[in-house]
Structures are given as C-alpha cells and as structure tokens.
Amino acid sequence: MKRSLQFAAPILLASLCATAQVPASAKADAHNGRVDSAFAALGNAKGADAEFLRCGLYNSIEDIDHAIQACEAATAAAPNNSTYELELARMYGNKADHSGAFTGMRMVGKIRGAFEKAVQLDGSNVEALSDLGQFYVEAPGIVGGGTDKAKLLVTKLQPLSPARAHRLSAMIANKSHDDATTETEYKAALAAGHSPEAWVDLARFYRNRKQDDNAEKAALSAIQGDKEHGPDTLDAAKLLLQMHRSVPAAQAGLRSYLATPQEHVAFYAQAHVLLGDSLKASGDNDGAQKEYAAALALAHNYEPARKAAGK
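Note that the coordinates shown come from a computational prediction; the quantities given were computed from them, not determined experimentally. (Residues numbered from 1 in each chain as written. Predicted model: local features only at pLDDT ≥ 70, side-chain atom pairs only at ≥ 80, totals over all residues. Heavy atoms only, no water.)

Student: Describe the nonpolar core, listing the residues and the values that go with them.
Tutor: Core analysis: the biggest nonpolar cluster contains 79 residues, and L168 and L254 have the highest contact counts within it. Beyond its immediate stretch of four places on either side in the chain, L168 contacts G133, Q134, V137, A150, L153, V154 and L157. Grouped together as the second largest cluster of nonpolar side chains are 10 residues, V22, A30, L53 and V265 included. (Core = buried A, V, L, I, M, F, W, Y, C linked by side-chain atoms within 4.5 Å. Buried < 20%, exposed > 50% of the residue type's maximum accessible area, 1.4 Å probe, protein only. Contact = heavy atoms within 4.5 Å.)

Okay, structure coming up:
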C-alpha cells in the first residue's frame with residue numbers, strides 16, 4: 001500500500017489503550033521520534049500493546065522484518081483487534097514493495113488475508129476498508145484483486161467517510177486509465193474532507209501524469225493546510241524534493257514536522273535524512289552532516305543515516 005507505506009502510518013498508537021503494559025515514557029519517546037530511547041523504555045515489556053508499539057518503531061526506521069515479527073506478536077496476543085491486524089497487513093505490503101517479484105507474489109496471500117480480516121473484525125474501520133479497497137484495485141485478479149470488489153467497498157465507505165469513498169473511486173478510475181474521472185474523484189475527496197492527505201493524493205496523481213506545476217501546487221497546499229505538521233507534511237515535502245521543486249518550502253515543511261510531537265510514532269530519523277540529503281544537494285555539507293547525526297542520535301542503527309554519514 002503506497003501510503004503506508006513510506007511515512008503515513010496514520011493509525012499507529014491509536015489503540016494503545018491498555019497503558020499498563022506500555023510505559024508512558026516509551027510512548028512519549030515514540031511520539032518524539034526517539035527510537036532508541038523508546039526501545040529502552042519498553043525493555044522486556046510483553047503484550048499486544050507493547051508489541052504494537054515495537055512494530056511502529058521498527059517501521060519508522062525501515063526495519064520491516066522486525067516490524068512484521070512485532071505486529072505478528074501483537075495480533076497473536078490480541079486476535080480480535082482490527083487496528084493491529086491492519087497494521088500487520090501494511091507491514092506485509094511494505095515487505096512486498098521492497099522485495100523481488102518472487103517474494104512479493106509470495107506475500108500477496110498474507111497481505112490480502114490480513115486486510116480482509118481487519119475489515120471482518122471491524123466493518124466500520126475506515127482505514128481498513130480504504131486499504132483493502134486499494135489492495136483490490138492494485139492486485140491482479142489471479143491473487144484476489146479486482147475493481148468489482150473495490151466498488152463494493154466504495155459503497156460501504158460512503159456513509160462512513162465520503163472523502164475516502166471518493167479517494168477509492170479515484171483509484172478505480174485510475175486503474176482504467178480514465179484520467180478525467182480520476183482527477184474529478186480526487187478533487188471530490190478534497191472537497192469532502194478538506195484534508196492535507198487529499199492534497200497529497202492529488203499531487204501524486206499530477207506527478208504521475210508529468211504535470212509537475214500542478215503537482216507542486218498541490219504539495220504546497222498540503223503543507224500549508226496541515227496545521228498539525230504531521231505525516232502529510234512529510235509526504236508532501238518528500239514529493240517536492242523528488243521533483244526538485246520549491247525546495248526551501250519542502251525543507252521548511254520537514255523542519256516543522258521535526259519540531260512537532262506527533263500523534264503517532266514519529267518518523268523523525270527519516271525526516272532528518274531527507275533534510276540532510278536536500279541540504280547536501282544544495283551544497284550545505286555541514287548542515288547535511290548535522291541532520292545525519294541528528295538521525296543517528298534518535299536511532300543509532302538507522303541504516304540510511306549511517307550510510308549518509310559514512311559510518
């Protein structure tokens with residue numbers, strides 16, 4: 001799942017309600033991107049909530065294999081928790097996205113099964129319905145995909161989240177190469193939700209159509225509209241840097257993200273590396289090294305930061 005994928009993880013920590021198993025300091029560290037400190041605070045804590053937090057922390061430093069192990073442990077300990085099952089599906093998706101074709105195909109059954117179970121456990125879980133719909137759109141029919149299945153989920157999403165229903169409709173239209181309907185549906189999602197996420201979706205659509213001017217405007221709108229300076233700011237800044245557009249605004253967006261405690265597990269190590277790479281590209285090598293060092297101070301084993309810093 002594309003968005004899960006890299007930065008968004010929008011429901012991480014949402015169901016950590018059994019606080020007795022998770023030290024408050026661990027959650028505070030996670031919200032502030034202090035990965036090493038959060039792991040230390042967790043210690044040997046067991047239980048579904050602790051494992052779920054570990055899953056989020058591993059995901060934030062792109063350690064997908066350990067994230068999967070932790071999410072599997074969380075779902076084993078709480079087999080009726082839709083949120084945990086959804087995050088496991090996302091981790092399986094991340095594994096498939098970053099593996100070869102053989103491994104990716106081998107993962108498809110697990111991905112579909114986990115998404116479908118998340119929906120079965122809670123039919124009102126908007127995130128689960130949305131992600132399952134995206135899976136149906138993107139996966140070939142031979143492995144359980146199909147736009148007909150996705151259309152049924154649009155109907156289920158409509159009363160729960162009109163914005164997400166339009167978003168899924170846009171993906172379905174995009175699968176059929178109907179650019180006009182795709183754009184219309186993404187704009188309808190934006191009108192229904194007025195969310196930074198919808199601006200990011202629209203920016204990605206324009207980028208994929210090589211309409212970089214429109215993509216730039218949409219990404220800037222995402223950053224400007226994200227009053228919480230959360231994952232959507234991170235996604236929009238990354239997109240701008242990939243396009244080499246509005247670099248100062250992208251850097252400012254990353255800094256605002258890094259300066260704001262997050263509602264979910266913070267991907268600060270990744271943000272520092274993105275900012276460092278951008279500074280390095282502009283000739284600010286000293287500034288870049290400071291960002292790489294900041295990433296390693298949060299997560300000493302974060303491999304992209306180690307490579308960037310020459311360690």
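Student: Just give me the short version of the packing of helix α2 (residues 24–31) against helix α3 (residues 35–42), but keep the residues and values in it.
Tutor: Where α2 contacts α3, the two axes come as close as 8 Å, and the packing angle between them is 165°. As summarised for this structure, α2 and α3 are arranged roughly antiparallel, according to the angle between their axes. You can see that α2 and α3 cross each other, and the crossing is left-handed. When α2 is examined against α3, the residues S25, A26, D29 and A30 are found in contact with a partner set consisting of S37, A38, A41 and L42. Considering only residue class, the contact of α2 with α3 consists of five nonpolar, two polar and one charged. (Axes fitted to C-alpha atoms, helices over the stretch in contact; angles between N-to-C directions. Helix = DSSP H or I, 4+ residues; strand = E, 2+ residues; numbered from the N terminus. Parallel < 35°, antiparallel > 145°, perpendicular 65-115°, else oblique. Left-handed = near helix turned anticlockwise from the far one by under 90°. Nonpolar A, V, L, I, M, F, W, Y, C, P; charged D, E, K, R; others polar.)

Student: Quick one: what's the story with the packing of aromatic side chains, residue by residue and with numbers?
Tutor: Here the distance between the centres and the angle between the planes together describe a pair of aromatic rings. Taken as a whole and judged by the stated rule, the model has seven aromatic pairs. Taking the centre distance of 4.3 Å and the plane angle of 25° together, the rings of F52 and Y84 count as stacked. Taken together, the residues F52 in helix α4 (residues 48–60) and Y84 in helix α6 (residues 82–97) connect sequence positions 32 residues apart. Both rings, one in F115 and one in F135, keep their centres 6.4 Å apart while their planes meet at 45°; by these two values the pair is tilted. Of this pair, F115 sits in helix α7 (residues 101–121) while F135 sits in helix α8 (residues 126–138), and the two are 20 residues apart along the sequence. Given the relative accessible area of 5%, F135 is considered buried. Counting every residue linked through ring pairs, the aromatic cluster contains F115, F135 and Y136. (Phe/Tyr/Trp six-rings, centres within 6.5 Å; stacked < 30°, edge-to-face > 60°.)

Student: Tell me about the state of the cysteines, and name the residues and values.
Tutor: As used in these notes, a disulfide is a covalent bond between sulfur atoms, one from each of two cysteines. Tallied over the full model, the rule gives one disulfide. Shown here is the disulfide that connects C55 with C71, its sulfur atoms set 2.2 Å apart. Looking along the S-S bond of the C55-C71 disulfide, the torsion reads about -85°, which is the left-handed sense. Of the two residues, C55 sits in helix α4 while C71 sits in helix α5 (residues 64–77), which places them 16 residues apart along the sequence. With a relative accessible area of 0%, C71 lands in the buried category. (Disulfide = S-S within 2.5 Å.)

Student: Now, about the packing of helix α9 (residues 147–157) against helix α10 (residues 162–175): what can you tell me, with residues and values included?
Tutor: In the contact formed by α9 and α10, the axes pass within 8 Å of each other and the chain directions differ by 165°. What the angle tells us is that α9 and α10 run roughly antiparallel. The handedness of the crossing between α9 and α10 is left-handed. Every residue of α10 that contacts α9 at T147, A150, K151, L153, V154 and L157 is listed here: P162, R164, A165, L168, S169, I172 and K175. Among the residues making up the contact of α9 with α10, the classes are represented as eight nonpolar, two polar and three charged.

Student: Let's hear about unusual backbone geometry: which residues, and what values?
Tutor: Unlike most non-glycine residues, H177 shows phi in positive territory, near 60°. Mapped onto the elements, H177 comes out in the loop between α10 and α11 (179–193). Of note in this structure, H229 is not a glycine but carries a positive phi near 50°. Its location among the elements puts H229 in the loop between α13 (212–225) and α14 (231–243).

Student: Which residues make up the pattern of salt bridges, and what are the values?
Tutor: Under the criterion given, the structure shown has 15 salt bridges. Within this structure, E87, R90, E127, D131, R164 and E197 form a network of salt bridges that share partners. (Salt bridge = Lys/Arg side-chain N within 4 Å of Asp/Glu carboxyl O.)

Student: Run through the environment of M105, naming residues and quoting values.
Tutor: Inspection of the secondary structure assignment puts M105 in helix α7. Put simply, M105 and A139 are 34 residues apart on the chain and 9.9 Å apart in space, counted from C-alpha to C-alpha.

Student: Mind laying out helix α16 (residues 268–281), listing which residues take part and the relevant values?
Tutor: The terminal C-alpha atoms of α16 lie 20 Å apart, and with 14 residues this matches the ideal 20 Å at 1.5 Å per residue to within 8%. Among the 14 residues in α16, 11 count as buried, and that is most of the element. Those residues of α16 not exposed but buried are Y268, A269, Q270, A271, H272, V273, L274, L275, G276, S278 and L279. Just beyond α16, the residue with positive phi is G283, at close to 100°. (Expected span 1.5 Å × (residues − 1).)

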